[in-house]
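What the coordinates show
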Amino acid sequence: MLIVPEREIADLMTREAAFDAVEKVFAAMASGDAYNFPVIREAIGHEDALYGFKGGFDRAGLTLGLKAGGYWPNNLEKRGLINHQSTVFLFDPDTGKPSAMVGGNLLTALRTAAASSVSIKHLARKDAKVIGMIGAGHQATFQLRAALEQRAFEKVIGWNYHPEMLPNLAKVAEEAGVPFEAVDLPGMDEADVIISITSAFSPSLMADHVSPGTHLACMGTDTKGKQEVEAGLLARASVFTDEVAQSISIGEAQHAIAEGLIRESDIAQLGAMINGTHPGRTSDDQITLYDGTGVGLQDLAVAAAVVDLAVERGIAIEVDF
Ligand code: NAD
């Protein structure tokens, strides 16, 4: 069995490799070659932690395994550790023997950023110039950094519930050589692409804050009850997702579905567009919305890619298991 510790991931994994792995596995999911197992998420009654498993099998890439981990809210204060903790375990699909154990913390951030970037590549207008960010926390910086590589963006605009966090976005924009401007929510109508990545439980972005032709990647809503955008916006948009079952239950679409504004059959898999079995954006006026809920297969795909890179560089730790 191979081990790739968390400390090695930053030097091994690139945004490009994460993008390729996620794009490929979304395509495999849509063609029926890969599927996610039901997600387990438990409040374990210790340290206020939420712990769970996200697993799946990709028959095309021969990747089988799971990500185990969750959220320990006291880690930072009590122990100086980050609150999100996860590890990916891969198994040999021919034998069931464990093949790798991989640090999953940075990989989670990279695979989540890759998902919104894949959606931008396939759904945003080619001439998109202004990118809008809603959210300025840990994950927002990863989403923005990756998204800036997808179009020739000339400006970043940002809004955050906690405005004191906006310098996080300004820093990423500055590093990419793109000007940053803080805006109020109605000011988001200037954006051609909007990424939302907050932990909100009520909508910030309303339907009339979004101009025709915009592509939205709603990435923060990954749990029942969370919500970032007005449900009516989904009725105005062509809605895409990683996994329809998650989109309607724990994703942004849960609210539009519950309110009867859209039906499950209105939501397409992004992978179908990648495979060319869905036309995707069909006009410059269309609003497209990607509901990124986060699936286990994304984690497995980036973990498998990082194991290959670690083996290539001779830094994977081999243990007899
Ligand atoms: P974080 O704690 O670093 O940042 C939270 C962000 O939400 C900040 O911008 C904060 O200002 C904002 N926020 C908090 N309360 C708000 C409110 N009431 N209204 C509006 N905004 C509010 O968290 P993070 O690591 O950046 O994660 C952000 C979200 O993304 C979380 O909900 C997380 O579960 C989700 N997430 C999703 C995926 C996925 O695959 N879809 C992956 C990782 C994280």
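All residue numbers refer to positions counted from 1 along the written sequence of the respective chain. Where local features are concerned, this predicted model is filtered to residues with pLDDT of at least 70; where side-chain atom pairs are given and counted, the filter is 80 or more; whole-chain, interface and lining totals use all residues. Excluded from the side-chain calculation are hydrogens and water; included are all heavy atoms of the structure.

A word on the sheet that holds strand 8 (residues 130–134)
The parallel open sheet is built from eight strands, whose spatial order is 10-9-8-11-13-17-15-16. The sheet is open, and its two edges are formed by strand 10 (180–182) and strand 16 (267–269), each paired on a single side. Within the sheet, the average angular offset between the axes of one strand and its neighbour, ignoring direction, is 20°. Only when DSSP finds a minimum of two bridges between them are two strands counted as paired. Runs of H or I in DSSP of at least four residues are treated as helices and runs of E of at least two as strands, each being numbered from the N terminus. Across four bridges, strand 13 (residues 215–218) lies against strand 17 (residues 288–291) in parallel orientation. Paired with L216 across the two strands is L289, which belongs to strand 17. Orientation is described by lines fitted to C-alpha atoms, with helices fitted over the stretch in contact, and by angles between N-to-C directions that extend from 0 to 180 degrees.

Let's talk about the packing of aromatic side chains
Within 6.5 Å between ring centres, the rings of Phe, Tyr and Trp (the latter by its six-membered ring) count as paired, and their orientation is classed by plane angle as stacked under 30 degrees, edge-to-face over 60, tilted in between. Taken as a whole and assessed by the stated rule, the structure comprises four aromatic pairs. Judged by centre distance (5.2 Å) and plane angle (75°), the ring pair of Y51 and F53 falls under edge-to-face. Partly exposed residues are those whose accessible area sits between 20% and 50% of the maximum for their type, while under 20% is buried and over 50% is exposed, using a 1.4 Å probe and protein chains only. Here Y51 falls in the partly exposed class, since its relative accessible area comes to 29%. Ring centres 6.1 Å apart and planes at 65° place the aromatic pair Y51 and W72 in the edge-to-face group. Remark: W72 occurs in the loop between strand 5 (63–71) and helix 3 (75–79) and Y51 occurs in strand 4 (residues 50–58); sequence separation between them is 21 residues. Following the ring pairs from residue to residue traces out a cluster consisting of Y51, F53 and W72. A positively charged side chain is recorded as over a ring if its NZ (Lys) or CZ (Arg) lies within 6 Å of the ring centre. The angle to the ring normal must also be within 35 degrees. One cation-aromatic arrangement involves R145 over F142; the distance from NZ or CZ to the ring centre is 5.9 Å.

Observations regarding the environment of W159
Mapped onto the fold, W159 is located in strand 9 (residues 155–159). With sequence-adjacent residues up to four places away left out, W159 is seen in contact with M133, I134, G135, L166, V183, D184, L185, M188 and S204. In what follows, a contact means two residues having at least one pair of non-hydrogen atoms within 4.5 Å.

Considerations on the domain arrangement of the protein chain
One can read the domain layout of the protein chain as domain 1 (2–108 + 297–318) and domain 2 (125–294). Domain delimitation follows an automatic or database domain assignment. Centre-to-centre separation of domain 1 and domain 2, based on C-alpha positions: 24 Å. Listed as interface residues are 15 residues of domain 1 and, on the opposing side, 18 residues of domain 2. Buried surface area refers to the total accessible area, computed with a probe of radius 1.4 Å, that the two partners give up upon joining, counted for both partners together. When the buried surface of domain 1 facing domain 2 is broken down by residue, R15, F26 and A30 rank first, second and third, together holding 37% of it. A carboxyl oxygen of Asp or Glu within 4 Å of a side-chain nitrogen of Lys or Arg is what we treat as a salt bridge. At the boundary of domain 1 with domain 2, the tally comes to one salt bridge. Here E149 makes a salt bridge to R15, at a shortest N to O gap of 2.7 Å. Under the rule applied, a polar contact is a pair of N or O atoms within 3.5 Å (in protein, one hydrogen donor and one hydrogen acceptor; residues adjacent in sequence only if both atoms are side-chain atoms). Here domain 1 and domain 2 share four residue pairs in polar contact (both at pLDDT 80 or more) between them.

What about the site of the ligand?
As a structural note, the neighbourhood of the ligand is formed by 23 residues, with R111, Q139, N160, H162 and K226 the closest of them. With respect to the ligand, the side chain of N160 contributes an N or O atom lying 2.8 Å from an oxygen atom. In this structure, an oxygen atom belonging to the ligand sits 2.6 Å away from a side-chain N or O atom of H162. Burial of the ligand by the protein amounts to 81% of the accessible area it has alone, namely 860 Å². The class makeup of the residues in the shell around the ligand is six nonpolar, 14 polar and three charged. Here, proximity means that at least one heavy atom of the residue falls within 4 Å of the molecule or strand. Each accessible area value is a Shrake-Rupley result obtained with a 1.4 Å probe; residue values ignore everything except the protein chains displayed when judging cover. In the scheme used here, Gly and all other residues not listed as nonpolar or charged are polar, with Ala, Val, Leu, Ile, Met, Phe, Trp, Tyr, Cys and Pro taken as nonpolar and Asp, Glu, Lys and Arg as charged.

Remarks on the packing of helix 5 (residues 138–147) against helix 6 (residues 167–175)
For the pair helix 5 and helix 6, interaxial distance at closest approach is 9 Å and the crossing angle is 25°. If you check the angle between helix 5 and helix 6, you find them roughly parallel. Like other packed secondary-structure pairs, helix 5 and helix 6 cross with a definite hand, here right-handed. Seen from helix 5, the contacting residues are A140, T141, L144 and R145; seen from helix 6, they are N168, L169, V172, A173 and E175. Taken together, the residues of the contact of helix 5 with helix 6 sort by class into five nonpolar, two polar and two charged. Put simply, angles under 35 degrees are roughly parallel, angles over 145 are roughly antiparallel, angles from 65 to 115 are roughly perpendicular, and the rest are oblique. Crossings are assigned a handedness: left-handed for a near helix turned anticlockwise from the far helix by less than a right angle, right-handed for a clockwise turn.

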